[in-house]
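One-letter residues, chain by chain:
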Amino acid sequence: MEEKKLICINCPLGCMLTAVVEGETILSVSGNTCKRGDSYARKELTSPTRLVTSTVRVSGGDKRMVSVKTREDIPKKKVLECVRALKEVEVRAPISIGDVLVENIAGTGVDIVATKNVGERKLFDGDENGEKTERVSF
């Protein structure tokens, strides 16, 4: 039998967890103050996953980047591949919160969604009096 120490990340308490493991079997989890700590330790030791948050480039937008995240958690071993794939992504404005920007990132079956709104960039032209007039690009 072996003891594994973890810090629970499911809530702000950050409980110090101790899992007793024999081979691939988790015999017990202690140190948690709620049920979520037990399930977190079991999942973390058998099949760890993470949510990924990042940014991607935007063309034609009033911002150059948009924040994004995975719709749900992905296998921890796929996080680096996911981030590398996002580095190559550029999306066109307008973008709304929740828009799917990348489907099935890194073969995980999980989509990347926008977490901010990005409007279209507005261009300005001068009119005959030299005043700036707004022109929206498409």
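See above for the structure.
A short tour of the structure in this document, coming up. (Residues numbered from 1 in each chain as written. Predicted model: local features only at pLDDT ≥ 70, side-chain atom pairs only at ≥ 80, totals over all residues. Heavy atoms only, no water.)

Considerations on the overall build of the protein chain
Let me state the cut-off plainly: Where helices and strands are cited, they refer to DSSP runs of H or I of at least four residues and of E of at least two residues respectively, numbered from the N terminus. Burial classes: relative accessible area under 20% of the type maximum marks a residue as buried, over 50% as exposed, and values in between as partly exposed (1.4 Å probe, protein chains only). In what follows, residue pairs with any heavy atoms lying within 4.5 Å of each other are defined as contacts. With residues, only the protein chains shown are counted as cover, and all accessible areas are computed by Shrake-Rupley using a 1.4 Å probe.
Per the secondary structure count, the protein chain includes two helices and twelve strands. Going from N to C terminus, the protein chain has its helices and strands arranged as β-β-β-α-β-β-β-β-α-β-β-β-β-β. Every one of the 138 residues in the protein chain was classed for burial, and the buried ones make up 30%. Looking at the protein chain alone, contacts between residues at least 24 apart form 44% of all its contacts between residues at least 6 apart. As presented, the protein chain carries roughly 9,200 Å² of accessible surface, and 50% of it is formed by carbon and sulfur atoms.

Looking at the environment of Val102
Here Val102 lies in strand β9 (residues 100-102). Considered as a pair, Val102 and Glu90 are twelve residues apart in the sequence and their alpha carbons are 10.0 Å apart. Sequence-distant contacts of Val102, defined by excluding residues within four places in its chain, comprise Leu86, Val89, Asp111 and Ile112.

Describing the nonpolar core
Here is a general trend for soluble globular proteins: nonpolar side chains tend to be buried in one another's company. Threshold: Take the buried Ala, Val, Leu, Ile, Met, Phe, Trp, Tyr and Cys residues and link them wherever side-chain atoms come within 4.5 Å; each set so joined is a nonpolar core.
Formed by 20 residues in total, the largest nonpolar core has its most connected members in Val56, Val66, Leu86, Val91, Ile95 and Leu101. At the level of elements, β5 (53-59), β6 (65-70), α2 (79-87), β9 and β10 (112-114) are the ones that each hand at least two residues to this core. Not counting residues within four places of it along the chain, the set of residues in contact with Ile95 comprises Val58, Val66, Leu101, Ala114, Lys116, Asn117 and Val118. In terms of nonpolar packing, the next biggest core, distinct from the first, is built from ten residues, Leu17, Ala19, Val21 and Ala41 among them.

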